[in-house]
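# Geometric and topological summary
Residues per chain, in single letters:
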Amino acid sequence: MYTQCIVMVPCTQLAGGELWTPFPALTDALRVYNHFKCFRATVAATCRMSTTHNSFHNVDRFDWRLRASSRKRKPPDPNAPKFFKRKTPSQVFIQEGEPFYDAVAAYKKRFTELIDLEQEEEEGVLRERLSTWSLHRLKEEGYCLTGLSAFWLQATQFGRPVASFSLGPGVILPDSRFENGTQVLVSRIDPLKEEALRGSVVSTDESRINVCFLEKHELEDGSWRLDVGTSNLIFDRMRVAVNSFNHDVSSQEAIETCSDRQLILQGTHLRDVFLQTFDPKQVHIHQALQSPDDVDYPSHQGLDHGETVDKGKRGFEQMGAFRDDMRIQSWARRYAEIDPLVIEGDPDLSGLNKSQIRALAMMIGQRICLIQGPPGTGKTKTIIEAIRLLKVHFEVPHPLLVCTYTNVAVDNLVEGLAAADVKPLRVGFGEKVRASLLEYTLDYQLERHPLQPILASVVKDEKYLDESLQDLFISIAEHKRTKSSDTPKSMKQLERLQWKYASKERQLVAVKARKYAIQQEMLQDVVSNADVVCTTCISSACVALNVVDFPVVFLDEASMSTEPASMIPLMKGSRQVALIGDHKQLPPIIVSREAATQGLDISLFERLTEEGVVPSLMLDTQYRMHPSISRFPAAEFYNLSLIDGTIDAYGNVHPRLYPPTSQYLLENNGNGNRPSVIFLDHGGSESMKDRSRVNYNEAHIVASIVEDLLLNNSEIQGYDIGIIAPYVAQISLLTRLLKNDAKYKQRFVEVLGDHRAMQLANIEIKTVDGFEGREKEVIIFSTVRNNNGGHIGFLADRRRLNVGLTRAKRGLFVVGSLHTLKAGTRTRRSETAGAVVKTGKGAESWRRYAKFLDEQGLVVKLSGDTLARALYGNLRAARSAAGNVLQG
């Protein structure tokens, strides 16, 4: 127990209680004095703590006085235990009369029913697809592959068997939806007419798909069919998270166990916050903060406030995981002020604005908080700085977990953390991880662990013993079938075989135990050597992460995740949580209309924002977009509450945001500037395809824009360009034209040359929903809809418009029919006389955007010669140049 403390506070307490301070301002002196009093109180409380300290187990699990294991420079203690034996606590159920009984019951009832509805709907969609679509359509849309052969791989996925499926050695597989993590149905002919095997894709390449199963099956003979299925795992993990509210984490932590054993914590210390409005005594209607069509932005006071509840009445605990660490508490309180009190030794935060610094103070000083982050305001940067502050500056021993909704967002965080001198550990499926980040993955680090050769030897022993047992089992069975098996000699032989079998069995048990111990030691080494674990909400429940609890969790993209999914990482013993998101961007994607109506599409982030109790802060400065790109979204979706951080004190835009060179971005005759935004208005009609929408003319225009950008901007690479469309059919068409179509491939080589044409493979083409949380130097937004009735369908969702218009940094090309978007009806006119055409606020937003574009002179009409030049101008120029060279 420490009995000596060093206080880094610039003040001195004199005899008689008088406080002397070098600060001239009385307000500063009082602020310092308050921090000093708080420090003294904490030291006194600490000194009253028991001096008994078990190095293997204590109530807090992670003693704040220790140093982060990832930051230790001395060699490990050879006498320390190799690994903790951790076990899952027994399932418990709160009894009537116990704290939270009614609230937990109400919470479980609500969300269990919603999870069931969503799962039933997803399975219904799968059944409908398999029963109504032809085999040809399933294969053409990428949902099915047939004629596959299979064999078992030696390698496993966390101990589970993996089979490899292919059309034959070196045969290229057609394009499909079998990405990493995809759940698959494996059958001979039809998964609806036979009992299909269920597995999960763990890796793919151009000729193979590797699928993980719970157990081995007969696969080697005959051909197989793979179908995209639904995952029960996601719903099971959400149910476990909801049921974990039964657990009292404090009781689990207080359980006395053997020195080398621990419970895997289940539940959260934040039950009082999450369940407060589910208590029947507290009548509260759980609803969204705003309607999706609400054009207003909440008041500043509604998004930027401290805790708004009487802690005495609710019994709220004031501080979280760092409640006893006065270094952190002092820093957080000083920097929570608009004008922070800086003292010697504070970290350099010169790269952050005031709202980001206050967000940092809230994230590490409050047990739970909400960070409201409109597009481009630096949500990811703020999370990275919070983690760097905790691990690099304060070197806290507490494991940190950061989760997001998408794998792409996880990769962005890992990349930023590594650049900030923080050691991230990326947990997830291999091929869903960016290739440049593989060295930070769990699999990569386990493969290079010093114990890996020993583990390989043990696995080899295990395989040998398995095969030996199989041979002995066959020998014993054959011996019993022989007619002479009852003779004394035969009986002795049988006894020897049985004795050998029992001996090998004991050896196998010992080998498996040793393998488990080595695997656990390797996992604990890798996790403890990381500053922060990064993964998705769903993957946070993987078995590999059971080696440690996570008292501190940062949840990014929190507005995109359903509440039960958000609870998965929070139910690992959390006592301090920060949720970061923006309710004005896309909500959780819900398949079941009934579940959405009943509130499953309201994220935990939005629910807590609406309740208005949890401390909340808004990031108020955007750094992503050229001002001309951000101008309309800032006014339309955020009531001009955002500061533009891309302009210097003299009104100049940062050079990195200068618009790209393009035939569509023409210089203004008045000031010589080129616009960053352009709307390309064309007359090509949309059409239906497989219940989706497609616009062939528009797709060709998009291809010409890409060609023009790569031709005229040598600094722009393929990965700098993103293409967004609201419909899957348009995404499929654009992907085929830009990456697979033979005629276009030849054209791109002819215009761009072989080297530049290779950049097309790196262009991202996704739906609006798929680009949530992303950014690119240039975005091309294909709106698709073009019809006489002005029907724009779910494009009228204001949140999709917000996402679509705020992904670009330097250049935004919107392609579509201005006439259709100005009309903006949401549903088709009924044939019934007098029926009313429904419009939504999203349609009104499109009309205002069209007006904005017209007023700013940002519309180019593509028709006749203008359209021909747009589509074929670069090709003609290339051929003309080639002809001149030949003539020369």
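Quick caveat: nothing in here was measured; it's all calculated off a predicted structure. (Residues numbered from 1 in each chain as written. Predicted model: local features only at pLDDT ≥ 70, side-chain atom pairs only at ≥ 80, totals over all residues. Heavy atoms only, no water.)

### Here's the deal with the confidence of the model for the protein chain
When pLDDT is averaged along the protein chain, the result is 85; 86% of the residues meet or exceed 70. Of all secondary-structure elements in the protein chain, the lowest mean pLDDT belongs to strand S2 (residues 19-20), at 36, while strand S16 (residues 552-555) reaches the highest, 98. pLDDT under 50 marks residues 828-838. Its contacts with residues more than four places away, or in other chains, come to 12 contacts. (pLDDT = per-residue confidence, 0-100. Helix = DSSP H or I, 4+ residues; strand = E, 2+ residues; numbered from the N terminus. Contact = heavy atoms within 4.5 Å.)

### Examining the sheet that holds strand S4 (residues 144-157)
Spatially, the six strands close up into a barrel ordered S4-S5-S8-S7-S6-S9, and their pairing is antiparallel. Between one strand and the next, the sheet's axes are offset by a mean angle of 50°, whatever the strand orientation. The pairing of S4 with strand S9 (residues 224-228) spans three bridges and is classified as antiparallel. For Cys144, the partnering residue across the bridge sits in S9 and is Asp227. Sheet contacts for helix H2 (residues 101-132): strand S6 (183-187) and S9; angle to S9, the most-contacted strand, approximately 135°. (Pairing = 2+ DSSP bridges. Axes fitted to C-alpha atoms, helices over the stretch in contact; angles between N-to-C directions.)

### Thoughts on the packing of aromatic side chains
Summed over all chains, the structure comprises 16 aromatic pairs. Ring geometry for Trp133 against Tyr143: centres 5.4 Å apart, planes inclined by 80°, an arrangement best described as edge-to-face. Separated by 10 residues along the polypeptide, Trp133 in the loop between H2 and helix H3 (135-140) and Tyr143 in the loop between H3 and S4 bring together distant segments of the chain. Assigned by exposure class, Trp133 and Tyr143 land together as buried. Relative to Tyr335, the ring of Trp331 has its centre 4.5 Å away and its plane inclined at 15°; by these criteria the two rings are stacked. Note that Trp331 and Tyr335 are positioned in helix H9 (residues 326-335) at a spacing of four residues, about one turn of the helix. Neither Trp331 nor Tyr335 differs from the other in exposure class; each is buried. One aromatic cluster is present, formed by Phe632, Phe781, Trp846, Tyr849 and Phe852 through successive ring pairs. Above the plane of the ring of Tyr444 lies Arg448, whose end atom (NZ or CZ) is 3.6 Å from the centre. (Phe/Tyr/Trp six-rings, centres within 6.5 Å; stacked < 30°, edge-to-face > 60°. Buried < 20%, exposed > 50% of the residue type's maximum accessible area, 1.4 Å probe, protein only. Lys NZ or Arg CZ within 6 Å of the ring centre and 35° of its normal.)

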